[in-house]
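The lines below spell out each chain.
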Amino acid sequence: MSHIYIAFVDTPGIFASIIRNVLKQRYIHVAIGMDERMEEAYSIGRRNPAIPFFAGFVKEDKRKILKKYPYAGYMVCRISCSIEQKEYIKEILHRDFQNRYQYHYTIVGLPLILFQLPFKQKYYHTCSSYLAKLLEDAGICKWKKHTSIVTPKDFYKDLEKEVIFEGPLYYLVNQKEKIHRTEYSPLW
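Here the residue index of a chain counts from 1 through its sequence in written order. Only residues with pLDDT of 70 or above have their local features reported here, since the model is predicted, and side-chain atom pairs are shown and tallied only from 80 upward, although totals for entire chains, interfaces and linings are computed over all residues. The side-chain numbers reported here are obtained from all heavy atoms of the structure, hydrogens and water having been left aside.

So, about the packing of aromatic side chains. Any pair of Phe, Tyr and Trp rings, taking the six-membered ring for Trp, is counted once the centres come within 6.5 Å. Such a pair is stacked with planes under 30 degrees apart, edge-to-face with planes over 60 apart, and tilted for the rest. In total, this model carries 10 aromatic pairs according to the counting rule given. Ring centres of Trp143 and Phe155 lie 4.9 Å apart, and the angle between their planes is 55 degrees; on these two criteria the pair is classed as tilted. Taken together, the positions of Trp143 in the loop between α5 (127–137) and α6 (152–158) and Phe155 in helix α6 put the pair 12 residues apart, joining distant regions of the chain. Relative accessible area decides the class of each residue, using a 1.4 Å probe on protein chains only: under 20% of the type maximum gives buried, over 50% gives exposed, and in between gives partly exposed. You can call Trp143 buried: its relative accessible area is 7%. A centroid spacing of 4.7 Å and a plane angle of 80 degrees characterise the contact between Tyr170 and Tyr171, whose relative ring orientation is edge-to-face. Through a chain of ring-to-ring contacts, the aromatic side chains of Tyr42, Phe57, Phe97, Tyr103, Tyr123 and Tyr130 assemble into a single cluster. Sitting over the ring of Tyr27, Arg26 keeps its end group 5.8 Å from the ring centre. It is Arg100 that lies over the ring of Phe97; its NZ or CZ is 4.1 Å from the centre. In this text, helices come from DSSP runs of H or I with a minimum length of four residues, and strands from runs of E with a minimum of two, each type numbered from the N-terminal end. Note on criteria: charge over ring means Lys NZ or Arg CZ within 6 Å of the ring centre, with the direction from the centre no more than 35 degrees off the ring normal.

Below, the structure is given as structure tokens:
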């Protein structure tokens, strides 16, 4: 038995605020990590936390996120998987990171997600659609809808997981000992 980790992120900003209000959910970004502290974590996200227009496949750097958004909300969840599933995910993440400039954030897909219309754009994903497909391909879950229209809220509601941390990102970054859950109520 092994584990992977999903981080849910709530960052401030105009673009984030629009997505948050349209989807009516607090956490609008998800990332996948290989460890509970999210030291090795990946997502389809901003290449630079300060610039929302350039997004693609990235290795997450929570310290850079913290520097730009010191009050960002963060939740880390543990998901059980087999050692083989974790190795498969790690292999795909490393491969995609090597080809990271082929991957982009889909702007065109956002209205389709709103209307729950499945779509396919090669190399264009949202953070949640990329992770949904990865987890489904690894055999960790089977979504109730097409992976292209999965949102962070679906990860929160439909994925079997254990919350191991929830609180301001600066707590996670500055904790020296094993992480623990901090109370921080989501706006679901």
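Back to the write-up after that little detour.
Turning next to the pattern of salt bridges. Any carboxyl oxygen of Asp or Glu within 4 Å of a side-chain nitrogen of Lys or Arg constitutes a salt bridge here. One pass over the structure, following the stated rule, counts 10 salt bridges. Close ionic contact of Arg20 with Asp10 constitutes a salt bridge, the shortest N to O distance being 2.8 Å. Highlighted residues: Arg20 in helix α1 (residues 14–23) and Asp10 in strand β1 (residues 2–10), separated in sequence by 10 residues. As far as burial versus exposure is concerned, Arg20 and Asp10 are alike and both buried. Residues joined in a network through salt bridges with shared partners are Asp10, Arg20 and Arg26.

Within the secondary structure, Gln85 sits in helix α3 (residues 83–98). Since its relative accessible area comes to 18%, Gln85 is described here as buried. A 3.5 Å cut-off defines polar contacts: any pair of N or O atoms within that distance qualifies, except that in protein one atom must be a possible hydrogen donor and the other a possible acceptor, and neighbouring residues in sequence count only when both atoms are side-chain atoms. Only 3.2 Å separates the side chain of Gln85 from the backbone oxygen of Ala138, close enough to count as a polar contact. A contact between two residues is defined here by any heavy atoms of the two lying within 4.5 Å. What Gln85 contacts, discounting residues up to four positions off in sequence, is Ala138, Gly139 and Ile140.

The buried fraction of strand β2 (residues 29–33) amounts to 5 of the 5 residues, a majority that puts the element mostly inside the structure. Alternating residues of β2 divide into His29, Ala31 and Gly33 and Val30 and Ile32, and every residue in both groups is buried. DSSP bridges decide pairing: two strands pair if at least two such bridges lie between them. As defined by bridge partners, β1 adjoins β2 across 5 bridges and the pair is classed as antiparallel. Bridge pairing in β2 links Val9 to His29.

So, on to the state of the cysteines. Only a pair of cysteine sulfur atoms within 2.5 Å counts as a disulfide in this structure description. Applying the stated criterion across every chain yields a total of 0 disulfides. Distance from the sulfur of Cys77, which forms no disulfide, to the nearest cysteine sulfur (Cys141) is 13 Å. The exposure class assigned to Cys77 is buried, which follows from its relative accessible area of 0%. Summary of cysteine pairing: Cys127 is not part of a disulfide, and the nearest cysteine sulfur, belonging to Cys77, is at 14 Å.

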